[in-house]
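# Report on the structure
These are the residues of each chain, in order.
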Amino acid sequence: MMIQLDPLATEEQEQHLIARLEKMGFQIARQGAGRLALVKGVDKLVKLEEFSKLPHVASVKPMKEKFKLASLASKPAPTVIEIKGKKIGGGSLFVIAGPCSIESKEQMELCAKAAFDQGAQCLRGGAYKPRTSPYEFQGMEGEGLDILKAAAEKYNLITVSEVMDASQIETASKRVDILQVGARNMHNFSLLKELGKVKNPILLKRGFAATYQDLLLAAEYIISAGNPNVILCERGIRTFETYTRNTLDLNAVPALKELTHLPIVVDPSHGTGIRSLVLPMARAAVAAGADGIAIEMHPDPDRALTDAQQTISFEAFAKMMAQLKLIHKAVQSC
Ligand code: PEP
Ligand code: MN
């Protein structure tokens, strides 16, 4: 349920009303501009009219969505996340670029320079890798995160890297700006709850078989545990198609915009799994209104230790960025 307060209600009166509702057993979240979301304790037996009689209440609306705090109904203005002066959401194009895995200092410095030169804001690189086989490269862990941080700082970039379980959060949250939840972990609710306790924004990737509602409920776990800064990521889902690694579901961009205020980033690298398809699908993502894209690139893509077949070169990245800037400008002026 959403309660819109009288615009003349003072902070004290709002606090008073919150305390009263909490006493009645509801869990309340403030959604800005005199909006209160009742997220817990509301059931079918509660009558809306009773709430409209409370002091300083202007209107009361039911919220049909299961995801309360992530819903557009609870917060109509888009969430804009700002990290070290770089903005995610609200109209700008946020570009994440870097290798699938952090492999060495040299590799990350070259990637940071290429990202910076083309106007990307965020350097990516996995240090804890969710590999299908235990015999494959598992990532450089803490040492890799130090390399990522140093390379990014040199070029004034922010960083993103995946945490696979709660034991990695402490190390990663000190070294990385944005913590990533991978597709395989989108349903790991205990990890999501732990990420609700950190200050770092979270890049939440859609699970292989997750619906939009599943993705938004995963975001709800993080937000309701105290961290409002969640960035959603469409990275492709499993379908019967086998030519591509995944099917990049670009419906997700406009559909999620109808459902949530959270920023939406598209990852055409994992979404296609094929180098030659990354550029056209990145273009399509920006045209569809994505708030950002996440791209895997490498100084020597064929020799990347992980995901080589979907990793693009610096030249291809430069070409992509030139095109995306044009498309983004066109979308903004539509
Ligand atoms: C990644 O970004 O490197 C990754 C493993 O992504 P996903 O979880 O989407 O497969
Ligand atoms: Mn990868």
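Small disclaimer: the values here were computed from a predicted structure and weren't measured.

### Some thoughts on the overall build of the chain
Along its length, the chain carries 11 helices and 14 strands. Against the 2.2 N^0.38 benchmark of 20 Å for 334 residues, the chain shows a C-alpha radius of gyration of 21 Å, consistent with a compact globule. Each of the three principal axes of the chain carries a C-alpha extent, and together these read 65 × 45 × 40 Å. Relative to its full complement of 334 residues, the chain shows a buried share of 52%. Taking the intrachain contacts of the chain between residues at least 6 apart in sequence as the baseline, contacts between residues at least 24 apart amount to 68%. Across the chain, the mean location of the 41 positive side-chain charges is 3 Å away from that of the 37 negative side-chain charges.

### As for the sheet that holds strand β11 (residues 202-205)
If you walk around this closed barrel you meet the eight strands as β7-β8-β9-β10-β11-β12-β13-β14, and the pairing is parallel. On average, each strand axis in the sheet is tilted by 25° relative to the strand beside it, whichever way the strands run. Of the strand pairs in this sheet, strand β9 (residues 158-162) and strand β10 (residues 178-181) are connected by three bridges, and their pairing is parallel. Along β10, the bridge assignment pairs serine 161 with leucine 179. Helix α8 (residues 252-259) rests against β12 (230-234) and β13 (264-266) of the sheet, and its axis sits at about 170° to β13. Packed on one face of the sheet, helix α11 (residues 314-332) meets β7 (94-98) and β14 (292-296) and runs near 170° to β14.

### A look at the packing of helix α3 (residues 105-117) against helix α4 (residues 141-154)
For any two helices packed against each other, the geometry is given by the interaxial angle and the distance between the axes. In contact at an axis separation of 9 Å, α3 and α4 are set at 35° when each is read in the N-to-C sense. Remark: the crossing between α3 and α4 carries right-handed chirality. Where α3 approaches α4, its residues Lys105, Met108, Glu109 and Ala112 are matched on the opposing element by Ile147, Leu148, Ala151 and Lys154. Taken together, the residues of the contact of α3 with α4 break down into five nonpolar, no polar and three charged.

### So, the sheet that holds strand β2 (residues 27-30)
One open sheet holds the four strands; their spatial order is β2-β3-β1-β4, and the pairing between them is antiparallel. The sheet is open, and its two borders are formed by β2 and β4 (57-61), each paired with just one other strand. Taking the axes of each pair of neighbouring strands and ignoring which way they run, one obtains an average angle of 25° across the sheet. Pairing between strand β1 (residues 2-5) and β4: four bridges, direction antiparallel. Opposite glutamine 4, over in β4, you have serine 59 as the bridge partner. This element, helix α1 (residues 11-23), spans β1, β2, β3 (35-40) and β4 of the sheet and lies at about 155° to β2.

### Regarding unusual backbone geometry
A positive phi angle, near 70°, is found at histidine 56, a position not held by glycine. With respect to the secondary-structure elements, histidine 56 resides in the loop between α2 (48-52) and β4.

### Quick look at the side chain of threonine 159
With respect to the element layout, threonine 159 can be found in strand β9. On the accessibility criterion, threonine 159 (2% relative accessible area) is buried. If we ignore the near neighbours within four places in the chain, the residues touching threonine 159 are Cys122, Leu123, Leu148, Ala152, Arg175, Val176, Asp177 and Ile178.

### Some details on the environment of valine 163
Along the polypeptide, valine 163 turns up in the loop between β9 and α5 (169-175). Considered as a pair, valine 163 and glutamine 309 are 146 residues apart in the sequence and their alpha carbons are 23 Å apart. Apart from residues no more than four positions distant in its own chain, valine 163 is found in contact with Gln168, Ile169, Ala172, Leu179, Gln180, Asn185, Leu191 and Leu195.

### A closer look at the packing of aromatic side chains
Remark: the centre distance and the inter-plane angle together describe each pair of aromatic rings, the angle taken between the planes. In the structure shown here, the tally under the stated rule is three aromatic pairs. Ring geometry for phenylalanine 189 versus tyrosine 221: centroids 4.6 Å apart, planes at 25°, classification stacked. Taken as a pair, phenylalanine 189 in helix α6 (residues 189-195) and tyrosine 221 in helix α7 (residues 212-224) lie far apart in primary sequence, 32 residues in all. One Lys or Arg, arginine 238, reaches over the ring of phenylalanine 208 and ends 4.7 Å from the middle of that ring.

### Notes on the coordination of the manganese ion (ligand 2)
Around the manganese ion (ligand 2), the protein supplies Cys100 (SG), His270 (NE2), Glu296 (OE) and Asp307 (OD) as donor atoms, at distances of 2.1 to 2.4 Å. Counting gaps between the donor residues of the manganese ion (ligand 2) yields the pattern C-x169-H-x25-E-x10-D. Remark: histidine 270 occurs in helix α9 (residues 268-272) and cysteine 100 occurs in the loop between β7 and α3; sequence separation between them is 170 residues. A single burial state applies to cysteine 100 and to histidine 270, both of which are buried.

Conventions and cut-offs
- Residues numbered from 1 in each chain as written.
- Chains lettered and ligands numbered in written order.
- Predicted model: local features only at pLDDT ≥ 70, side-chain atom pairs only at ≥ 80, totals over all residues.
- Heavy atoms only, no water.
- Helix = DSSP H or I, 4+ residues; strand = E, 2+ residues; numbered from the N terminus.
- Rg over C-alpha atoms; globule rule 2.2 N^0.38 Å.
- Buried < 20%, exposed > 50% of the residue type's maximum accessible area, 1.4 Å probe, protein only.
- Contact = heavy atoms within 4.5 Å.
- Lys, Arg positive; Asp, Glu negative; His and termini not counted.
- Charge placed at Lys NZ, Arg CZ, Asp CG, Glu CD.
- Pairing = 2+ DSSP bridges.
- Axes fitted to C-alpha atoms, helices over the stretch in contact; angles between N-to-C directions.
- Left-handed = near helix turned anticlockwise from the far one by under 90°.
- Nonpolar A, V, L, I, M, F, W, Y, C, P; charged D, E, K, R; others polar.
- Phe/Tyr/Trp six-rings, centres within 6.5 Å; stacked < 30°, edge-to-face > 60°.
- Lys NZ or Arg CZ within 6 Å of the ring centre and 35° of its normal.
- Donors = N, O, S within 2.8 Å, 3.2 Å for Na, K, Ca; no water.

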